[in-house]
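Coordinate analysis (summary)
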Amino acid sequence: MTTTISREKWGSRFGYLMATVGAMVGAGNIWRLPYVTGENGGGAFLIAYFVLLYLIAVPGLMGETSLGRYTRQGLLGTFRKVYGNNKFVGLGLVILIFNIILMSYYSSIVGWSIYYAYHAVIGSFTQTQFDTTALWQAFSSNTALKVGMHTVAMLIVTGILMMGIKGGIERIVKWMMPILTVSLIAIAIRGVTLPGAMAGLEFAFSPNWEYLARGETWLAALGQALFSTGLGWGIALTYGSYLGRNDDIPLGGGIFTAIGNTSFGLLAIFAVFPIVFAFGISPTSGAELAFVALASAFGSMTGGYVWALLFFMGFFFANMTTAIAITEVGVTTYKEERDTSRSKAVLTICGIIWLLGIPSAMNSSILGYLDFVVGNWGLPLATFIIMLTIGWKFDANRLRILSLNRGADLYVPKFWESIVRFEIPAIMLFIMVYFLYSNLTATPWKTVSGLAILTLTIPLCMWIMSRRQASAHPATNVGGQSS
Amino acid sequence: MSIAAIIVMIVCIVALWGVASVALVYSLSQEERKLQLIKKQGGFEPYSPQALRDLDRWIEQNNTSEHAQEMRNVHEEQRTALQKCTSYFYTWNRSDIESLKEI
């Protein structure tokens, strides 16, 4: 327990809540959720989404946060405490590697948002006859510029993380998240007052009940509920490890994080679709929606400079708070494992991510491939590992009694245990098998190579950790056997 | 907009923004209460009556478990806090506190 004695803590409840919700609110909330909602039955999709959010994401986040708060360690330290000094600590290393790979290409997306925030600041979008398609194409084909923006993104992340949990992350998110909220509210108010805007809201909210009977609707809702909340990636565990012993988890780390995150998605629906429909733009998602369609629409609006600035600064803040959280997982773990200073850990992890991110910044096919592998199997596998660890190895019953209900603003009853033990792992297995089945015919090379790499990662990580454990750490565990 | 879309929109606003706002305000106010208790008496009891019953039941059912001592320590921490403190974070009956025994 030596590393926990002088462990830093969140400075305030508000700071912790903004950090966790900021970690979950990213590009997907703004450029994906509105479109997915409209495409999958509108209100019917939202009902499926709410059900899954409360049944899976909220209980899962509670479990992950309470494990982190209990062990007060990063990923590897937590796995070592639960499994003992043996090869199974390698499972924590698997999750850490997925996180680093995820951040290596997410950094490029942060870089894109910085570039567009810069153009919003200098007023590019409101110039006469400005062509946003040409800007996106010029940017996409300029390798040096994309690597440069990836570098700028990592430099900002490095600078913030160097200042620590309280002085860096908390200080930044306490103003970034409120600004993001105000920006989206302002754009939403402007959007819904545009002529023809109601068609956008009709597209998003009009319930098509037959969609509730379609498996695809539930799968899309499941994907959004899981990936948007970042369940099982080690973020909630890491942020939870900086909580005080008697801080609440169920309400803040569970309900507020999951519902607050989705609230930003709802705000994005109000901000994006009225504008899209008012300007007669075809509803879409991803980079095309944000960087081409919306950028063009802002240029045509009265006071377009302000709306573009609010949107792209807000978009940058949403991406940056997520990037900080993903990177912090590696920083906390490296600092503890190497028993080194925070500065050294930040420079090392950010340096590794920067180097690994260069290929994704240079070539969008590499970014797409990594997103395909990590999104389809890496992250569900990470969630599967963490939930099995909580539910079975540590024992969900003991965790609920010892940590989850300690200092809680809401009492969590026993049925939470079966969700963590059975429901979430079973759903994760189903997702991985479904993605394998649905991708194998369409993209056999990508699917087989991605799965081969993932399959090899597990035994390799376990082998690395088993070699390292024997000499580096004395036997300490809280969850089961030690070796 | 159709009536159905308006209803769904209102339900979404209540279920998301409503719940998130209430959770945020309630969580911050509870934290303020905890801070007041810490300032006044140096701490407060970590578990609610329901959570303590779960803890007692676990100790009773797993008395010989390798984790039993840790659970007993937590129980003792709770008992000491309840006896030492004059104000409580959770709602307690005086009789419940007085009947708490060392395990």
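We now turn to the structure provided with this report.

Analysis parameters
Residues numbered from 1 in each chain as written. Chains lettered and ligands numbered in written order. Predicted model: local features only at pLDDT ≥ 70, side-chain atom pairs only at ≥ 80, totals over all residues. Heavy atoms only, no water. Helix = DSSP H or I, 4+ residues; strand = E, 2+ residues; numbered from the N terminus. Rg over C-alpha atoms; globule rule 2.2 N^0.38 Å. Buried < 20%, exposed > 50% of the residue type's maximum accessible area, 1.4 Å probe, protein only. Contact = heavy atoms within 4.5 Å. Buried area = accessible area lost by both parts, 1.4 Å probe. Salt bridge = Lys/Arg side-chain N within 4 Å of Asp/Glu carboxyl O. Polar contact = N/O pair within 3.5 Å; in protein donor to acceptor, adjacent residues only side chain to side chain. Nonpolar A, V, L, I, M, F, W, Y, C, P; charged D, E, K, R; others polar. Expected span 1.5 Å × (residues − 1). Bend = angle between axes of the 7 residues up to and from the residue. Axes fitted to C-alpha atoms, helices over the stretch in contact; angles between N-to-C directions. Parallel < 35°, antiparallel > 145°, perpendicular 65-115°, else oblique. Left-handed = near helix turned anticlockwise from the far one by under 90°. Phe/Tyr/Trp six-rings, centres within 6.5 Å; stacked < 30°, edge-to-face > 60°.

Helix and strand counts for chain B come out as 4 helices and 0 strands. In sequence order, the secondary structure elements of chain B are arranged as α-α-α-α. Its C-alpha atoms give chain B a radius of gyration of 20 Å, more than 25% over the compact-globule value 13 Å for 103 residues. When the backbone C-alpha atoms are referred to their principal axes, chain B occupies close to 65 × 35 × 25 Å. Out of the 103 residues belonging to chain B, those deemed buried represent 45%. Contacts in chain B between residues far apart in sequence, at least 24 positions, make up 61% of those at least 6 positions apart.

To continue, consider the interface of chain A and chain B. Counting residues at the interface gives 43 residues for chain A, matched by 38 residues for chain B. Of the roughly 3,500 Å² buried between chain A and chain B, counting both surfaces, carbon and sulfur atoms make up 67%. Among the residues chain A hides against chain B, the three largest losses belong to Ile401(A), Arg406(A) and Tyr411(A). Together they make up 16% of the total. Across the salt bridge formed by Arg398(A) and Glu70(B), the nearest N and O atoms sit 3.2 Å from each other. Summed over the shared surface of chain A and chain B, the result is 15 residue pairs in polar contact (both at pLDDT 80 or more). Every element with two or more residues in the side of chain A that touches chain B is listed here: helix 2 (13-24), helix 5 (43-71), helix 11 (198-205), helix 14 (250-278) and helix 18 (364-404) of chain A. Per-class residue counts for the side of chain A that touches chain B are 23 nonpolar, 11 polar and 9 charged.

The end-to-end C-alpha distance of helix 19 (residues 415-440) of chain A, which contains 26 residues, comes to 37 Å, matching closely the 38 Å that a straight helix rising 1.5 Å per residue would cover. Roughly 30 degrees is the biggest bend found in helix 19 of chain A, and it falls at Glu423(A), with proline Pro425(A) one to four residues downstream.

This next bit is on the packing of helix 11 of chain A against helix 14 of chain A. Residue and element names in this part refer to chain A. Running from amino to carboxyl end, helix 11 crosses helix 14 at an angle of 130 degrees, the nearest separation of the two axes being 7 Å. With respect to their mutual orientation, helix 11 and helix 14 come out oblique. The element helix 11 and its partner helix 14 pack so that their crossing is right-handed. Counted together, Ala199, Gly200, Leu201, Phe203, Ala204 and Phe205 of helix 11 and Leu266, Ile269, Phe270, Phe273, Pro274 and Phe277 of helix 14 form the full contact between these two elements. For the contact of helix 11 with helix 14, the per-class residue count stands at 11 nonpolar, 1 polar and no charged.

Residue and element names in this part refer to chain A. Despite not being glycine, glutamine 129 has its phi angle at roughly 60 degrees, a positive value. Along the polypeptide, glutamine 129 turns up in the loop between helix 7 (89-121) and helix 8 (132-141). Residue glutamine 129 is classed as exposed on the basis of its relative accessible area, which comes to 77%. Positive phi, normally seen in glycine, also occurs at aspartate 339, with a value near 50 degrees. If you trace the backbone, aspartate 339 turns up in the loop between helix 16 (304-338) and helix 17 (342-362). Judged by its relative accessible area of 67%, aspartate 339 is exposed.

Moving on, we get to the packing of aromatic side chains. Overall, the coordinates contain 40 aromatic pairs over all chains when judged by the stated rule. A centroid spacing of 5.8 Å and a plane angle of 15 degrees characterise the contact between Tyr116(A) and Phe125(A), whose relative ring orientation is stacked. As far as burial versus exposure is concerned, Tyr116(A) and Phe125(A) are alike and both buried. Pairing Phe270(A) with Trp17(B) gives two aromatic rings, centres 5.5 Å apart and planes at 45 degrees, and the pair type is tilted. Here Trp17(B) lies in helix 1 (residues 3-41) and Phe270(A) lies in helix 14, a pairing that spans two chains. On the accessibility criterion, Trp17(B) (27% relative accessible area) is partly exposed.

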